[in-house]
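Listed below are the residues making up each chain.
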Amino acid sequence: MPRFAANLSMMYTEHDFLDRFAAASADGFEAVEYLFPYDHDATELRRRLDDHGLRQVLFNAPPGAWEAGERGIASLPGREAEALAGLDRALEYAAALGCPRVHVMAGPVRPDASPAERDAHHATYLNHLALAAERAAAAGVDILIEPINGRDMPGYFLRTQAQAHAVVQEVGAANLKVQLDLYHCQIVEGDLTTTLRRDVPTGRVGHLQIAGVPDRNEPDRGEVDFRHLFDVVDEVGFDGWIGCEYRPRAGTSEGLGWLNDYRGEQA
């Protein structure tokens, strides 16, 4: 049976952030993920995890100036030192929280960038990921990269599954993996069943995420049959976590009927 992690950046927003751990545990979640831990002391976050029997399974490395609209800097020429400093900070939090995965965001490329400029982004990205994977391996942490659709993040450098898997293969680090968000994948390229069956058995997929398409609400609404996809996840033997990275329509706990029904069917 797939294992689900609550995304505390999108779910339980009716509570203050530090109170979301208790709410997720009360609804039966055993793991959590979120965008960033850096506004909180790692000791306090660890206490919340321990108090509520939760595992931290994912968060993001610092993405640059998030409030100013930046969405990652790992592929941006000239930002290399900042990106590595951010990675070191992320690894400190990962050690404190016992978190085995850190997502490194690539950042944007201008739509009018020349081929030479795009090549520079690619080279910067590969170099950073190689260094990040080496540093993370010493800490027992996987580095993840995620293709993101251009509607939610216009110009994002990493767009398709094929591009992400090619990057992983080019870097060649065992702890560099793809974060397969089925919401983004459906918007960009679809064919989710084939994608899972093709890519998960390679060992290059380190984490899954879900949300209803097109509105990014609960996965029981929209154009994707997630019940079918959960069966495919079982079929291909994925033993990682599925992050529930969606915006509840009207209260997080009230919208968990899809998960409670699925748990009941699998019991």
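Residues numbered from 1 in each chain as written. Predicted model: local features only at pLDDT ≥ 70, side-chain atom pairs only at ≥ 80, totals over all residues. Heavy atoms only, no water.

### Structural notes on the overall build of the protein
Quick note on the threshold: Segments assigned H or I by DSSP are reported as helices when at least four residues long, segments assigned E as strands when at least two residues long, and all are numbered from the N terminus. Between the two quantities, the radius of gyration covers C-alpha atoms and the globule rule is 2.2 Å times the number of residues to the power 0.38. Exposure is judged per residue with a 1.4 Å probe applied to protein chains only, and the accessible area is read against the type maximum: over 50% gives exposed, under 20% gives buried, and values in between give partly exposed. The contact definition used throughout considers only heavy atoms, calling two residues in contact when any of these lie within 4.5 Å. Each accessible area is a Shrake-Rupley estimate made with a 1.4 Å probe; only the visible protein chains count as cover when residues are assessed. Residues scored as charged are limited to Lys and Arg (positive) and Asp and Glu (negative), so that His and the chain ends carry no count. We put the charge of a Lys on NZ, of an Arg on CZ, of an Asp on CG and of a Glu on CD.
The secondary structure content of the protein amounts to nine helices and eight strands. The C-alpha radius of gyration of the protein comes to 18 Å, within 12% of the 18 Å expected for a compact globule of 267 residues. Over its C-alpha atoms, taken along the principal directions, the protein stretches across nearly 55 × 40 × 35 Å. Sorting the 267 residues of the protein into buried and exposed places 51% on the buried side. Considering only contacts in the protein between residues 6 or more positions apart, those separated by 24 or more positions represent 77%. With the model as given, the accessible surface of the protein reaches about 11200 Å², and the carbon-plus-sulfur share is 47%. Where the 25 positive side-chain charges of the protein centre and where its 42 negative ones centre are 1 Å apart.

### Concerning the pattern of salt bridges
Convention followed: Counted as salt bridges are all cases of a side-chain nitrogen of Lys or Arg within 4 Å of a carboxyl oxygen of Asp or Glu.
Across all of its chains, the model carries 19 salt bridges by this definition. In this structure, the salt-bridge partner of Arg 46 is Asp 50, at a minimum N-O distance of 3.1 Å. You can see Arg 46 and its partner Asp 50 sitting in helix α2 (residues 42-51), four residues apart, about one turn around the helix. Residue class for Arg 46 comes out partly exposed when judged on its relative accessible area of 32%. A relative accessible area of 48% means that Asp 50 is categorised as partly exposed. Across the pair Glu 70 and Arg 79 runs a salt bridge whose closest N-O atoms are separated by 2.9 Å. The structure contains a network of salt bridges with shared partners spanning Asp 19, Glu 44, Arg 47, Arg 48 and Asp 51.

### Some remarks on the pairing of strand β7 (residues 205-210)
Spelled out, the test is: Between any two strands, pairing holds if DSSP finds at least two bridges. A crossover gets the label right-handed when its path from the first strand over the helix to the second runs clockwise, viewed with the strands pointing away from the viewer.
With six of six residues buried, β7 lies mostly within the body of the structure. Bridge count between β7 and strand β8 (residues 241-244): three bridges; the pairing is parallel. Its bridge partner lying in β8, Leu 208 is registered against Ile 242. Of the crossover connections in this fold, the one passing from β7 over helix α8 (residues 226-235) to the parallel β8 is right-handed.

### Looking at empty space enclosed by the protein
Note the following rule: We place a 1 Å grid over just the protein atoms. Points where a 1.4 Å probe fits but has no way out form a cavity, open points with protein on both sides within 12 Å along at least 5 of 7 lines form a pocket, and any residue with an atom within 4 Å of a point lines it. Grid points are joined across faces, edges and corners, and a volume is the space filled by probe spheres set on the points.
Evaluated as defined, the whole model comprises one cavity of 30 Å³ or more. Each pocket or cavity is described by its volume, and for the largest cavity that value is around 70 Å³. Surrounding the largest cavity, Ala 61, Pro 62, Pro 63, Gly 72, Ile 73, Ala 74, Ala 83, Leu 87, Val 104, Met 105 and His 128 form its lining.

### Comments concerning the packing of aromatic side chains
In this description, an aromatic ring pair is defined by two values, namely the gap between the centres and the angle between the planes. Using the following cut-off: Stacked, tilted and edge-to-face are the three classes assigned to paired rings of Phe, Tyr and Trp, where Trp is represented by its six-membered ring and a pair needs centres within 6.5 Å; plane angles under 30 degrees give stacked, over 60 edge-to-face, the rest tilted. Put simply, a charge is over a ring when the Lys NZ or the Arg CZ is close to the ring centre, within 6 Å, and near the line of the ring normal, within 35 degrees.
Taken as a whole, this structure holds 15 aromatic pairs when the rule is applied. Between Phe 36 and Trp 66, the ring centres sit 5.0 Å apart and the planes meet at 70°, which makes this aromatic pair edge-to-face. Of this pair, Phe 36 sits in the loop between β2 (31-33) and α2 while Trp 66 is found in the loop between β3 (55-60) and α3 (80-97), placing the two residues 30 residues apart along the sequence. Judged by centre distance (6.1 Å) and plane angle (40°), the rings of Phe 226 and Phe 230 are tilted. Of this pair, Phe 226 and Phe 230 both sit in helix α8, four residues apart, which is roughly one turn of that helix. Taken individually, Phe 226 and Phe 230 each receive the classification buried, so the pair is uniform in this respect. Across the ring face of Trp 241, the terminal group of Arg 3 is positioned such that the distance to the ring centre comes to 4.2 Å. Here Arg 263 stacks its cationic end above the ring of Phe 29, 5.4 Å away from the centre of that ring.

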